[in-house]
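# Descriptive structure summary
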Number of protein chains: 2
Amino acid sequence: MVFSKSFGYALRGLLYVAMINETSPRVQLDEISKKLAVPRYFLGKVMKKLVKGGVLKSKKGPYGGFYIHEKTLSTTLLQLTAITGDTIMYGSCVLRFRKCNAENPCPLHRQVEFLKNEWQNVLASTNIGDLLKKNHPDFLKSIAVI
Amino acid sequence: MVFSKSFGYALRGLLYVAMINETSPRVQLDEISKKLAVPRYFLGKVMKKLVKGGVLKSKKGPYGGFYIHEKTLSTTLLQLTAITGDTIMYGSCVLRFRKCNAENPCPLHRQVEFLKNEWQNVLASTNIGDLLKKNHPDFLKSIAVI
DNA sequence: CGGATAAAAGACAGGTTTGTCTTTTTATAA
DNA sequence: TTATAAAAAGACAAACCTGTCTTTTATCCG
Ligand code: FES
Ligand code: FES
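Residues numbered from 1 in each chain as written. Chains lettered and ligands numbered in written order. Predicted model: local features only at pLDDT ≥ 70, side-chain atom pairs only at ≥ 80, totals over all residues. Heavy atoms only, no water.

This part takes up the overall build of chain A. Across its full length, chain A carries seven helices and two strands. Residues counted as buried form 52% of the 146 residues belonging to chain A. A separation of at least 24 residues holds for 62% of the contacts in chain A among residues at least 6 apart in sequence. Split by element, the accessible area of chain A, about 7400 Å² in all, is 55% carbon and sulfur. In chain A, 22 side chains carry a positive charge and 10 a negative one; their mean positions are 9 Å apart. (Helix = DSSP H or I, 4+ residues; strand = E, 2+ residues; numbered from the N terminus. Buried < 20%, exposed > 50% of the residue type's maximum accessible area, 1.4 Å probe, protein only. Contact = heavy atoms within 4.5 Å. Areas by Shrake-Rupley, 256 points an atom, 1.4 Å probe, with all protein chains shown as cover. Lys, Arg positive; Asp, Glu negative; His and termini not counted. Charge placed at Lys NZ, Arg CZ, Asp CG, Glu CD.)

Turning our attention to the interface of chain A and chain B. Taken residue by residue, the interface counts 41 residues in chain A and 40 residues in chain B. Both faces considered, chain A and chain B share a buried interface measuring about 4000 Å² in area, 68% of it formed by carbon and sulfur atoms. Scanning the region where chain A abuts chain B turns up zero salt bridges. At the junction of chain A and chain B, the tally comes to one residue pair in polar contact (both at pLDDT 80 or more). The set of elements that each furnish at least two residues to the side of chain A that touches chain B consists of helix H1 (5-20), helix H5 (109-125), helix H6 (128-135) and helix H7 (139-144) of chain A. Split by residue class, the side of chain A that touches chain B holds 25 nonpolar, nine polar and seven charged. (Buried area = accessible area lost by both parts, 1.4 Å probe. Salt bridge = Lys/Arg side-chain N within 4 Å of Asp/Glu carboxyl O. Polar contact = N/O pair within 3.5 Å; in protein donor to acceptor, adjacent residues only side chain to side chain. Nonpolar A, V, L, I, M, F, W, Y, C, P; charged D, E, K, R; others polar.)

Moving on to the packing of aromatic side chains. All names here are of chain B. For the coordinates displayed, the defined rule picks out six aromatic pairs over all chains. Aromatic pair Tyr-9 and Phe-42: ring centres 5.8 Å apart, planes at 80 degrees, arrangement edge-to-face. One end of the pair, Tyr-9, is in helix H1 (residues 5-20); the other, Phe-42, is in helix H3 (residues 40-52), with 33 residues separating them in the sequence. Under the relative-accessibility criterion, Tyr-9 is labelled buried at 14%. Residue classification places Phe-42 among the partly exposed residues on the basis of a relative accessible area of 38%. (Phe/Tyr/Trp six-rings, centres within 6.5 Å; stacked < 30°, edge-to-face > 60°.)

Least-squares fitting of chain A to chain B yields an RMSD of 0.5 Å, with the transformation described by 0.0 Å of translation along the axis and a rotation of 178 degrees. Each copy turns onto its partner about a two-fold axis. Take the interface residues of chain A: 98% of them recur as interface residues in chain B, which is what a same-surface contact looks like. (Least-squares fit on C-alpha atoms with pLDDT ≥ 70 in both.)

Have a look at this one:
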């Protein structure tokens, strides 16, 4: 009932880059992993997925690093789950029955239907820009602490 | 965002035993695993956890098997998550921060606080007996279908 | 008691996720 | 062009979850 570690790293990494990019054009993996207290090489892989997923940019070499582009701030949490491979349960049963449907519902179906929709809604309607704004100004503290 | 397989097996196993025990004093693992179409030996381990967790009883040997006791029907889904080791997020952060608290919230805290409480509520207020009642009479179908 | 039955326990294997380290590729500046 | 810096890519290991099989332990019945 919790996101994967990868998702957490991805979100926090993305937020950190977005925050830094308000004042600096690039951030390096080294800095990100230290500030977030996240395993460096693993974070590298997650960030790579973000770049490949089209929600972040990167540049190799000197003066390189990660930086945002147009789409970054409008990236929703739902898109992020797709990128990090988190199984999200819209259309799938919380009990892992073959599929979630009202005709042949699992014993939990009624109880969780509403919550699933609401949850789905939050993920689809919240984007990186929203989180960045809402959590200012002690925002760094909120993503840096494990 | 979904329960573990173990949790699903545990719940369905528990429900099956509870259902059968309305007419028969014991059920064997063999029958349960076949009816639920669940891997037999793995289910055995899950059932063992239920017994150790004090929400089910078992007896070895001839005429043995699994059966319910007083506490079985009042077992909540929240208790089940504890038994199967599912990380549930009440008091813990969806992003896996050390702990979820309002003073130093993660970037998602605000957005998910309400949903977490609601979800928690469903799990804590739903017990095996409830599910058994609500899903009668085509209840077997609902738990047997994978 | 002795044989049969069923859960409990233990050993092991495959897959996925997470984590670490090394090598390769790309870009920059001098 | 060369040295350097940084991400990308690849190889590998540890931990966890799931699944299978074998051995042990408890119980019942004759
Ligand atoms: S059938 Fe299980 S949640 Fe809908
Ligand atoms: S601190 Fe993350 S959900 Fe509360």
